[in-house]
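Results of the structural survey
Listed here are the chains, written in short residue letters.
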Number of protein chains: 2
Amino acid sequence: MEGMTATERRSSWRDRAEERLTAAGYRRGGARTVLLDLLDAQRCARTVLEIEDELRASDRAVGRASIYRVLDELEQLHLVQRIEVGQGIARYERIAPDHHHHHLVCQNCGVMVPFTDDALEDAIHRLSTGAGFEVTSHDVVLYGRCADCRAAADAEAGST
Amino acid sequence: MEGMTATERRSSWRDRAEERLTAAGYRRGGARTVLLDLLDAQRCARTVLEIEDELRASDRAVGRASIYRVLDELEQLHLVQRIEVGQGIARYERIAPDHHHHHLVCQNCGVMVPFTDDALEDAIHRLSTGAGFEVTSHDVVLYGRCADCRAAADAEAGST
DNA sequence: TTTTCTGCAAACTGTTTGCAAAGGC
DNA sequence: GCCTTTGCAAACAGTTTGCAGAAAA
């Protein structure tokens, strides 16, 4: 990261977000800035409550309502994607310009693993064009057990 | 329905459900029976609140808690599928034995249209087997505009 | 100085839980 | 009669909203 060129830094999610927010007429409030920092650094989709805890822990606490409000704005501007992962819990993840992906959710430990698959995208794309229905976005979530939980379960089965 | 043979009736969702519930050690309570009737007759996925209203309207009211409990049991037994459709609202739909499908959700009018696609299933199946992750189920939701809303929008665009 | 943004607390909504009464076996 | 199922009401969790003060432009 340290070795980034100016151009690379310019094209970061963080900067694109700031640009688009300004263009949409938003001011740069404290909560918004902190949120952008966090989202830019995040590696995987988070819930609002996780975000809240994380910010409180790093003593840059932000009111819950503000988190919801900012995430909502960011979603409208297509800077953040909201992912529903069962049990009525929503997770938020920044949208990387060229990194469309879906998620595997482990029903044992809850971990989310991103994945991409061209055949899947092709199938959806073909569907989208021939459906009468006009598809603007899609969500694919696979549920099961992650490699770790599988290994753990296997080990246990083997030892009994 | 009246002209059904014994075999056809035997293979109905309703009867399979009852069988499986009994096998799992459940008794036949009033709420459960009413719920089974409703689910068996339903044409599309419903929310719990919709179910509650519907039952109250048909003067066979069932407590909300019971609806949740029964749907939960039915989901465990794979007799009912829970579908998350954004905004943290869950919909429930009975599982037809040979009719696995996904949903298109119209972001304009909210209608849900079921669809099936072999290429999509193939892609997911291939993913499932080669992932390290053990996939037990999957959810695909396509968002967009249904044919009706599209037509309406086009008509409006044409007239202006 | 005007308008937006923020945090707080209260309100809401969908869901879950505890408990006493009703009902199946 | 024992144990499950049910309904009610209260508890909960995530989310939204109203409002007064703080902060940006």
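In this text the structure is predicted, and so the values were computed from the model without any measurement.

**A few points about the protein's contact with DNA strand C**
Around DNA strand C, the structure places 21 residues, and the nearest of them are R27, R32 and R69 of chain A together with R27 and Y68 of chain B. Here the atoms of DNA strand C within 4 Å of the protein split so that 64% fall in sugar or phosphate, with bases taking the remainder. In this structure, a phosphate oxygen belonging to DNA strand C sits 2.9 Å away from a main-chain N or O atom of A31 of chain A. At a separation of 2.4 Å, a phosphate oxygen of DNA strand C approaches a polar side-chain atom of Y68 of chain B. For the surface near DNA strand C, the elements supplying multiple residues, two or more each, are α3 (30–41) and α5 (64–76) of chain A together with α4 (48–57) and α5 (64–76) of chain B. At four residues, the largest contribution of residues to the surface near DNA strand C is made by α5 of chain B. Here the surface near DNA strand C is composed, by residue class, of 10 nonpolar, four polar and seven charged.

**Notes on the interface of chain A and chain B**
The figure often quoted for interface size is the accessible area lost as the parts come together. Every contact between the two is made by 35 residues of chain A and, on the other side, 35 residues of chain B. Across the chain A to chain B interface the summed buried area is about 2,900 Å²; carbon plus sulfur atoms make up 60%. A salt bridge links E134 of chain A to R145 of chain B, with the nearest nitrogen and oxygen atoms 2.8 Å apart. In this structure, the connection of chain A to chain B is made through eight residue pairs in polar contact (both at pLDDT 80 or more). Elements with a contribution of two residues or more to the side of chain A that touches chain B: β2 (80–84), β4 (102–106), β5 (112–115), α6 (118–129), β6 (134–145) and α7 (147–159) of chain A. Per-element accounting of the side of chain A that touches chain B gives the leading share, 12 residues, to β6 of chain A.

**Notes on the protein's contact with DNA strand D**
Taken together, 21 residues are adjacent to DNA strand D, and R27 and Y68 of chain A together with R32, S66 and R69 of chain B come closest. For DNA strand D, the backbone portion of the atoms within 4 Å of the protein, that is sugar and phosphate, comes to 67%. Residue G29 of chain B places a main-chain N or O atom 3.4 Å away from a phosphate oxygen belonging to DNA strand D. At 3.1 Å, a backbone N or O of G63 of chain B approaches a phosphate oxygen of DNA strand D. Going through the elements one at a time, α4 (48–57) and α5 of chain A together with α3 (30–41) and α5 of chain B are the ones with two or more residues in the surface near DNA strand D.

**Brief notes about the sheet that holds strand β3 (residues 90–94) of chain A**
Residues and elements named next belong to chain A. Across the sheet, three strands lie side by side as β1-β3-β2; this open sheet has antiparallel pairing. Two strands close off the open sheet at either side, each with one partner strand: β1 (46–47) and β2. Across two bridges, the pairing between β1 and β3 is antiparallel. Bridging from a neighbouring strand, R46 pairs with Y92 of β3.

**Some thoughts on the pattern of salt bridges**
A full pass over the atoms with the stated rule returns 24 salt bridges over all chains. R28 of chain A is the salt-bridge partner of E18 of chain A, the closest N and O atoms lying 3.2 Å from each other. Here E18 of chain A, found in helix α2 (residues 13–23), pairs with R28 of chain A, found in the loop between α2 and α3; they are 10 residues apart in sequence, far enough to count as distant. Across the salt bridge formed by E52 of chain B and R56 of chain B, the nearest N and O atoms sit 3.8 Å from each other. Separated by four residues within a single helix, E52 of chain B and R56 of chain B lie in helix α4, roughly one turn from each other. On the basis of relative accessible area, R56 of chain B is assigned to the partly exposed category, the value being 47%. Among the ionic contacts, a cluster of salt bridges with common partners joins R14, E18, R28, D37 and R60 of chain A.

**Considerations on the nonpolar core**
Counting residues in hydrophobic clusters, the biggest one holds 26 residues, and the most contacted among them are L120 and L142 of chain A together with L120 and L142 of chain B. Of all the secondary structure elements, the ones that give two or more residues to this core are β4, α6 and β6 of chain A together with β4 (102–106), α6 (118–129) and β6 (134–145) of chain B. Among all residues touching L142 of chain B, those that are not within four sequence positions of it are I124, L127, V135, S137 and H138 of chain A together with H103, L104, V105 and F115 of chain B.

**Considering the domain arrangement of chain A**
Residues and elements named next belong to chain A. Under the domain assignment used here, chain A contains domain 1 (1–99) and domain 2 (100–160). Inter-centroid distance (C-alpha atoms) of domain 1 to domain 2 is 24 Å. Counting from both sides, the interface comprises 10 residues of domain 1 and, opposite them, nine residues of domain 2. Both sides of the domain 1 and domain 2 interface together cover about 780 Å² of buried area, and 52% of this is carbon and sulfur. Counting across the interface, domain 1 meets domain 2 through zero salt bridges. If you list the elements that add at least two residues to the side of domain 1 that touches domain 2, you get β2 and β3. Looking at the side of domain 1 that touches domain 2 element by element, the count peaks at three residues for β2. Of the residues belonging to the side of domain 1 that touches domain 2, the class tally is three nonpolar, three polar and four charged.

Reading the values: the criteria
- Residues numbered from 1 in each chain as written.
- Chains lettered and ligands numbered in written order.
- Predicted model: local features only at pLDDT ≥ 70, side-chain atom pairs only at ≥ 80, totals over all residues.
- Heavy atoms only, no water.
- Near = heavy atom within 4 Å.
- Polar contact = N/O pair within 3.5 Å; in protein donor to acceptor, adjacent residues only side chain to side chain.
- Helix = DSSP H or I, 4+ residues; strand = E, 2+ residues; numbered from the N terminus.
- Nonpolar A, V, L, I, M, F, W, Y, C, P; charged D, E, K, R; others polar.
- Contact = heavy atoms within 4.5 Å.
- Buried area = accessible area lost by both parts, 1.4 Å probe.
- Salt bridge = Lys/Arg side-chain N within 4 Å of Asp/Glu carboxyl O.
- Pairing = 2+ DSSP bridges.
- Buried < 20%, exposed > 50% of the residue type's maximum accessible area, 1.4 Å probe, protein only.
- Core = buried A, V, L, I, M, F, W, Y, C linked by side-chain atoms within 4.5 Å.
- Domains from an automatic or database assignment.

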